[in-house]
Amino acid sequence: MLKSPVTCEVRYRVDQRRISEFEAYAQIWIELIERHGGKHHGYFTPRDKPAEAGVSFPGVGKEGATDIAVALFTFPDETTYLRYREQVAKDPDGVAANARFGENPPFISYERLFLTPFPRTR
């Protein structure tokens, strides 16, 4: 098992009409992740781009979808992350959250990515 941090990015395709429900969902998961050994870096919901903000590399870069929200959280290592997965499934608040949002989540879909930090050299 790796001893390096486990950082997870979750990209949600949100239903803008249900953004307040999504925010309630987010608050619950921030608390659960931190309760079980993780550090939540926050949920980031869509907003309009600043006026006159073009892409840095025209022809390569493009504007992203406007219905994407992102969550980022980190666990110190794989053991802690896997323990969180086990514990949150038994945690009364985790069970309640899954019951509340499981059949009708406040998002259309999601994509999960596991990341590792790029070491800073300076």
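Residues numbered from 1 in each chain as written. Predicted model: local features only at pLDDT ≥ 70, side-chain atom pairs only at ≥ 80, totals over all residues. Heavy atoms only, no water.

Two aromatic rings, taken as a pair, are described by how far apart their centres are and by the angle between their planes. By the definition in use, this model includes 16 aromatic pairs. An angle of 70° between the planes, with centres 5.6 Å apart, marks the rings of F75 and Y81 as edge-to-face. Both residues of the pair, F75 and Y81, belong to the buried class. A centroid spacing of 6.0 Å and a plane angle of 40° characterise the contact between Y81 and Y84, whose relative ring orientation is tilted. Taken together, the positions of Y81 and Y84, both in helix α2 (residues 78-90) and 3 residues apart, correspond to about one turn of that helix. The pair formed by Y81 and Y84 is uniform in burial state, with each residue classed as buried. (Phe/Tyr/Trp six-rings, centres within 6.5 Å; stacked < 30°, edge-to-face > 60°. Buried < 20%, exposed > 50% of the residue type's maximum accessible area, 1.4 Å probe, protein only. Helix = DSSP H or I, 4+ residues; strand = E, 2+ residues; numbered from the N terminus.)

Looking at the secondary structure, you find H40 in strand β2 (residues 39-44). There is a polar contact of 2.9 Å between the side chain of H40 and the backbone nitrogen of G42. Among the polar contacts listed, one links the side chain of H40 to the backbone oxygen of L72, at a separation of 3.4 Å. If near-sequence neighbours (up to four positions away) are discounted, H40 is found in contact with W29, I30, I33, E34, A71, L72 and F73. (Polar contact = N/O pair within 3.5 Å; in protein donor to acceptor, adjacent residues only side chain to side chain. Contact = heavy atoms within 4.5 Å.)

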